[in-house]
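Spelled out from the first residue to the last, the chains are:
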Amino acid sequence: MSDLFAPRAALQRARRHAGPLSGDEWRDVVTAFTNGTFTDAQMAAWLMARVMHGITVDESVALTEAMVNSGSVLEHPSGGGPVVDKHSTGGVADTTTLIIAPLVASVGLVLAKLSGGSLGHTGGTLDKLASIPGMRTDLDPKTFVQQLATVGVAIAAATTELAPADRRLYALRDHIELVDDTALIAASIMSKKLATGATHLVLDVKLGQASILGDDTLTRTLATQCIAIGAAHGRQVTAVLSDMNQPLGPAIGNALEVRAAIDVLSQRSFGRLGELSVLLATELLCSTGVEPAQANVTVMEALTSGDALERFRQLVVAQGGDPHVVDDPTRVLELKPPTALWTPEASGRVVAIDTKRLGVLARDLAGPNGDLKAGLELTLTLGMQANQVVIAIHTSDSGRVGPAKQVLHDAIVIGDAEVTPGPLVQEIIR
Ligand code: URA
């Protein structure tokens, strides 16, 4: 059978067979899709047929490999030791990347992070970095790898050369309502991580109300699929299942989250954001062979000695940003006092938080031009007494304040019920 007919034959089998299809068939189909001989319509039919029958782990592994092979793979110097990365399935008030990246670099790991912009109700690392004056994230592969050698950390925009089939497939999945299949999400995430050359990866997989899948069982499946794909490619993947039933940190919004990250690195605050950052950094260090108790001590020392903060400064300098952001984030990020404050009218305690809605609200406060300084600062945790809750609203358009207060009123539920917030980390799968 010629190459041209193999994907069509595979498509027929995909429709008829409930059982798994071979790695060769996945490869043929993705290759044909990449070079244009398999159309979007054929690919959509293939994906839908396989999802309806259930994609196996072996098939996800083959799909991941085919997507990696659709583009180039970042070359790291041979014998250079582990290349680590951290990925989150998407959080609210979650700026752990900006803390973990310099933290692990300051303990001697090399962290290579290619990132995207914000997705839906969750923030994106690139948008946060864009709020630092001068900061560039459009690093070419050579500059990116060079910076890893000198600073130990680089955070840049994912280029179109890495796993291009994933981009096209994602757009297609979006079009046919197939973004929420765990096997396809796992292959999508892992293809980008493998193309970046990560040898050790910590995945922060969010559970709860504001998680991407909105279903904890499916979310666990996603975590185990990512681990299996990593293992099949000889990579060490650790999944930390963390809570997203309430915002993780004290701010939602790009510049506000940069300031929150610097506050943790400067030890002005810690909280759940600091706790999860330290845990994820510790897991990364453990995955490279360091004994757990020692890994935790090493990470905490890097934080308390100021080494991690200094590494953040070096990262900013290397990518053209204003290093004074480290010393005076409020001035350099041009953050103003809040436009308005909101406190609950009812008495009682916080019994539920629509975290997803708060994420969407922060995005809406930025307006159509995406004001990077807009967002929310939160004195808010589940179970907190209502009279202690304060939400600071930041927006350049005072017309948005009224509707924002209404959203806050709806999203932050005050009542008398006993509340026992779940643990920050529910499980770690290695
Ligand atoms: N993030 C990804 O990279 N891919 C998906 O399919 C979903 C979330």
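Nothing here was measured: the structure is a model prediction, and the numbers come from that model. (Residues numbered from 1 in each chain as written. Predicted model: local features only at pLDDT ≥ 70, side-chain atom pairs only at ≥ 80, totals over all residues. Heavy atoms only, no water.)

1. Points about the sheet that holds strand 9 (residues 375-379)
Across the sheet, which stays open at both edges, the 4 strands sit in the order 6-9-10-7 with antiparallel pairing between neighbours. A single partner strand is all that each edge strand has here, and the edge strands are strand 6 (251-252) and strand 7 (340-342). Strands strand 6, strand 9 and strand 10 (390-394) of the sheet are contacted by helix 16 (residues 355-365), whose axis makes an angle of about 140° with strand 9. (Pairing = 2+ DSSP bridges. Helix = DSSP H or I, 4+ residues; strand = E, 2+ residues; numbered from the N terminus. Contact = heavy atoms within 4.5 Å. Axes fitted to C-alpha atoms, helices over the stretch in contact; angles between N-to-C directions.)

2. Digging into helix 11 (residues 254-265)
Given a rise of 1.5 Å per residue, 12 residues ought to cover 16 Å, and the 17 Å separating the end C-alpha atoms of helix 11 matches this to within 8%. All buried positions along helix 11 are accounted for by Asn 254, Ala 255, Leu 256, Glu 257, Val 258, Arg 259, Ala 260, Ala 261, Ile 262, Asp 263, Val 264 and Leu 265. Trailing helix 11 by a residue or two, Gln 267 shows a phi angle of about 60°, which is positive. (Expected span 1.5 Å × (residues − 1). Buried < 20%, exposed > 50% of the residue type's maximum accessible area, 1.4 Å probe, protein only.)

3. Quick notes on the packing of helix 5 (residues 96-106) against helix 14 (residues 307-318)
Two numbers describe how helix 5 lies on helix 14: the axes approach to 8 Å, and their chain directions differ by 105°. Comparing their axes, helix 14 and helix 5 come out roughly perpendicular. Along the contact surface, helix 5 presents Leu 98, Pro 102, Leu 103, Ala 105 and Ser 106, while helix 14 presents Asp 307, Ala 308, Arg 311 and Phe 312. (Parallel < 35°, antiparallel > 145°, perpendicular 65-115°, else oblique.)

4. Some details on the packing of aromatic side chains
Scanning all chains against the criterion turns up 1 aromatic pair. Centroid distance Trp 26 to Trp 46: 5.0 Å. Interplanar angle 75°. Geometry classified as edge-to-face. Highlighted residues: Trp 26 in helix 2 (residues 23-34) and Trp 46 in helix 3 (residues 40-53), separated in sequence by 20 residues. Trp 46 carries the same exposure label as Trp 26, and that label is buried. Lying across the ring of Phe 33, Arg 168 places its NZ or CZ 3.9 Å from the centre. (Phe/Tyr/Trp six-rings, centres within 6.5 Å; stacked < 30°, edge-to-face > 60°. Lys NZ or Arg CZ within 6 Å of the ring centre and 35° of its normal.)

5. Observations regarding the side chain of Thr 97
Counting through the fold element by element, Thr 97 comes out in helix 5. Residue Thr 97 is classed as buried on the basis of its relative accessible area of 7%. Apart from the residues lying within four places of it in its own chain, the contact partners of Thr 97 are Lys 86, Pro 102, Lys 113, Thr 125 and Ile 155.

6. Some remarks on the site of the ligand
Every residue near the ligand is listed here: Tyr 170, Arg 173, Ile 185, Ser 188, Ile 189 and Lys 192. Within the side chain of Lys 192, a nitrogen or oxygen atom sits 2.5 Å from an oxygen atom of the ligand. Protein contacts shield 86% of the accessible area of the ligand, which totals 240 Å² for the unbound molecule. For the shell around the ligand, the secondary-structure elements that each account for two or more residues are helix 8 (164-175) and helix 9 (182-195). A total of 4 residues in the shell around the ligand trace back to one element, the largest contributor, which is helix 9. For the shell around the ligand, a count of residues per class yields 3 nonpolar, 1 polar and 2 charged. (Near = heavy atom within 4 Å. Polar contact = N/O pair within 3.5 Å; in protein donor to acceptor, adjacent residues only side chain to side chain. Areas by Shrake-Rupley, 256 points an atom, 1.4 Å probe, with all protein chains shown as cover. Nonpolar A, V, L, I, M, F, W, Y, C, P; charged D, E, K, R; others polar.)

7. Considering the packing of helix 2 against helix 3
One way to put it is that helix 2 packs onto helix 3 with a least axis distance of 10 Å and a crossing angle of 150°. Of the possible angle classes, the one that applies to helix 2 and helix 3 is roughly antiparallel. In terms of crossing hand, the pair formed by helix 2 and helix 3 is left-handed. Contacts between helix 2 and helix 3 involve Glu 25, Trp 26, Val 29, Val 30 and Phe 33 from the former and Asp 40, Met 43, Trp 46, Leu 47 and Arg 50 from the latter. (Left-handed = near helix turned anticlockwise from the far one by under 90°.)

8. Some points on the pattern of salt bridges
Applying the stated criterion across every chain, the model contains 24 salt bridges. Here Glu 59 makes a salt bridge to Arg 50, at a shortest N to O gap of 2.9 Å. The exposure class of Glu 59 is buried, given its relative accessible area of 1%. For Arg 136, the salt bridge identified is with Asp 138, shortest N-O distance 2.9 Å. Several salt bridges share partner residues, and in doing so they unite Asp 85, Lys 113 and Lys 193 into one network. (Salt bridge = Lys/Arg side-chain N within 4 Å of Asp/Glu carboxyl O.)

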